[in-house]
Amino acid sequence: MYPEVLQHIQGSWAPGSDSHRRAVLNPATGEPLGEYVCVSKADLDRALAASLEGFRIWSRVSAFERCKIMRRAAGLLRERASEFAAILTLELGKPPAEAAIEVQSSADIVEWFAEEGRRAYGQVIPARADLVQQVLTREPVGPVAAFTPWNFPINQPARKISAALAAGCSVILKPAEETPATAMELVRIFLEAGVPPTVIGFVVGEPSTISEHLISSPIIRKISFTGSTAIGRRLSALAGEHLKRTTMELGGHAPAIVWDDADTPAAVRVLAAAKFRNAGQVCISPTRFLVHDSVFDAFSTAFVAFAKGLDVGPDAHAGGQMGPLAHARRLEAVDALVQDAVARGADLACGGRRIGNRGFFYAPTVLRDVPMEARIMNEEAFGPVAVLNRTRDVPAVIEEANRLDYGLAAYAFTGSAKLAATFGREIEAGMISINHSGLALPELHFGGVKSSGHGSEGGSEALEAYFNLKLVTTLAD
Ligand code: NAD
C-alpha cells in the first residue's frame, strides 16, 4: 500500500543517484514502510536546470489557464482523498478522520490560490507629465525552493506549491524525510492536472545537502521553509548571503488565556481539542494555558477529563482520536520536557509516559502549576502536553504571553469585549484567535513574528512573496 518514493527531476520519476538510502517508518509500529534512494548533488543540478526551464514555460501561461489547471488538481485531490488519507496515516500516524480533514482542506488551499492568482492586479499611477503612462505590475519572482515539515505532510506542500504556481513560479519541493509519499502523490496530481513536467521538481534525501545546494544556486530566487526556529535561522542566514527572499514559518509556544468571564466549558472544548490535534505536533498548538484563578479548578478538572477520555490508537484504529508522535526523537524530547517539569515541582495531572513499547505513542499529558524555570515553559513542546498555570491580573497575563521570543499564535477566551480588544492589541503574535479556534483557513494570513518567522502562508499576503514588482513608465510621444 505504501508507494515507492522516487524523485521527480526533469520531468521523470526515478530513484535518486546518491549512495545513501533512507527508510520511512510507520510511527504506529516503528516498523519500516519503505526505503528510498536519496537525491545526489548531480540530481539537484538537473532539478535546478529543469526548474529554470519550467519557469520560462509557466510564467508565460496566463493566470486564467493556470487557474484552470490548478482547479483541476484540486478536483483530482478530492476524488482521491481516501487514498491520500491512507498514505498520510501510514507515514505520520495521524488518525484516519484527521488525515481526511487535512486532505480535503488541502484541496481547498489549492483551489483558493488558483483563484487568487487571477487577482494579482497591478496599478496605473497618475503621472505628473502629459502623455506619460506609469504602470506597476507583478511578475513571478522565479524558481522557488520549498521545504516542508512532517507534521502536515499534504497541507504544507499544498500551500507552498499552490502559492508558487498561482504566481507563475516553478518550484522544487523538498518534503520531510519522514513523510515523503503524501507530498510525492500531490506532485503527481498537479502534473496529471496539466502542470508542465519541468515546473515542479520533487527531491528528497539529506535535508542539509539539499537546502544548502538549492539556496546557494543562482537559479533559485525565493525560499519558503516551515520547520524549527533553529533550522530556519540557518537557512535564513544562507539565503541572506545570496540575497534571496524568504518566507519562514517556524516554531511557536502559544499562550491560551482563559479569563473569569469566559464560557469555561466552551474554552475547554475548543482548546483541549486544539491541544491534542495531531498529538500536539502543530506549530499553532495552544501550550501555555494562563487560566484565571477563580475558574482554574473547573477548567483544569474538565481539561484533564478530556485528556483522559481521548482514544489514543494505532493508525488503523477507526475511532482513534490521537495517533503516535512522528518519530522516536520526538518521544524522547517530549518525555524529557515533562520529566524536567515534574522534577522541578509541577503537578502531573495525567499522562507523562509513553504508551506501550510499540510505535511512538505518548499519553495526553496535563501539567499544572509549572514553575517558570521548567524547560517546558521556555522551549517548544511540540507534543501532547498542556501546561496549566494560574493568573488573575491583566497586565501580568499579557507580560507572560509576550515573555518568550516566539510569536506565532495566541488564544484568549473572555466574555468582555474590552478585554478581547486589549488581548488582540497587546499580544505579540502573528495570529490571535479569541473565543474560538479560527486559524489556518486558506483565505487567512498565516505567519508569525519574532523568532516564529516572517511572511505569510495564507491569504492574499502569501502570494505577494512570490512576486517582484515592476514599474514601466512610458512617454507616448
Ligand atoms: P528537525 O529540526 O530535525 O526537523 C524539522 C523539519 O526541518 C524536518 O521536516 C526536516 O526535514 C527539516 N530540516 C531539518 N534540517 C534541515 C535543513 N538543514 N534544511 C532543510 N530542512 C531541514 O526537528 P524534528 O525533531 O523533526 O521536529 C521538531 C521541531 O521541528 C519542533 O520542535 C518544531 O519546532 C519544529 N517543527 C515545526 C513545524 C512548524 O509547523 N513550524 C513543523 C514541524 C517541525
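Scroll up a little and you will see the structure.
Caption draft 1: Representation of the sheet that holds strand β15 (residues 365-368) within the structure. The strand order across the open sheet built from seven strands is β14-β15-β16-β13-β12-β17-β18, with neighbouring strands paired in mixed fashion. The sheet terminates laterally at β14 (347-350) and β18 (431-434), the two strands that pair on one side only. The average undirected angle you get between the axes of adjacent strands in this sheet is 20°. With respect to the sheet, helix α12 (residues 394-401) is in contact with β12 (254-258), β13 (286-292) and β16 (385-391), its orientation differing from that of β13 by roughly 170°.

Caption draft 2: Quick peek at the nonpolar core. Core analysis: the biggest nonpolar cluster contains 119 residues, and Ile284, Phe299 and Ile376 have the highest contact counts within it. Element by element, the count of residues in this core is highest for helix α6 (residues 180-193), at nine residues. Mapped onto the domain boundaries, this core takes at least three residues apiece from domain 1 (7-250 + 453-473) and domain 2 (254-442). Counting residues in each nonpolar core, the second largest holds 20 residues, with Ile9, Val39, Val203 and Leu235 among its members.

Caption draft 3: Geometry of the pattern of salt bridges. Summed over all chains, the structure comprises 28 salt bridges. Residues Arg21 and Glu35 are paired through a salt bridge, measuring 3.1 Å at the closest nitrogen-oxygen approach. Taken together, the residues span a long stretch of sequence, with Arg21 in strand β3 (residues 21-26) and Glu35 in strand β4 (residues 31-37) at a distance of 14 residues. What makes Glu35 partly exposed here is its relative accessible area of 48%. Look at the salt bridges and you will find they share partners, linking Asp293, Asp369, Arg390 and Arg392 into a network.

Caption draft 4: Up close: the side chain of Thr29. If you trace the backbone, Thr29 turns up in the loop between β3 and β4. At 3.0 Å, the side chain of Thr29 and the backbone nitrogen of Glu31 are in polar contact. The contacts of Thr29, once residues within four sequence positions are left out, are Arg358 and Gly359.

Caption draft 5: Looking closely at the packing of aromatic side chains. Taken as a whole and judged by the stated rule, the model has eight aromatic pairs. Ring geometry for Trp112 versus Phe113: centroids 5.2 Å apart, planes at 85°, classification edge-to-face. Looking at Phe113, the relative accessible area reads 0%, which means it is buried. Over the aromatic face of Phe446 sits the side chain of Arg159, whose NZ or CZ is 5.1 Å from the ring centroid.

Caption draft 6: View of the environment of Lys174. Inspection of the secondary structure puts Lys174 in strand β8 (residues 171-174). By relative accessible area, which is 6% here, Lys174 ends up buried. Along the chain, Lys174 and Gly205 lie 31 residues apart, while their C-alpha atoms are 8.3 Å from each other. Here the side chain of Lys174 touches Glu177 through a polar contact of 2.9 Å, side chain to side chain.

Thresholds applied
- Residues numbered from 1 in each chain as written.
- Predicted model: local features only at pLDDT ≥ 70, side-chain atom pairs only at ≥ 80, totals over all residues.
- Heavy atoms only, no water.
- Pairing = 2+ DSSP bridges.
- Helix = DSSP H or I, 4+ residues; strand = E, 2+ residues; numbered from the N terminus.
- Axes fitted to C-alpha atoms, helices over the stretch in contact; angles between N-to-C directions.
- Contact = heavy atoms within 4.5 Å.
- Core = buried A, V, L, I, M, F, W, Y, C linked by side-chain atoms within 4.5 Å.
- Buried < 20%, exposed > 50% of the residue type's maximum accessible area, 1.4 Å probe, protein only.
- Domains from an automatic or database assignment.
- Salt bridge = Lys/Arg side-chain N within 4 Å of Asp/Glu carboxyl O.
- Polar contact = N/O pair within 3.5 Å; in protein donor to acceptor, adjacent residues only side chain to side chain.
- Phe/Tyr/Trp six-rings, centres within 6.5 Å; stacked < 30°, edge-to-face > 60°.
- Lys NZ or Arg CZ within 6 Å of the ring centre and 35° of its normal.

Take it as geometry only, folks, not as evidence of what the structure does.
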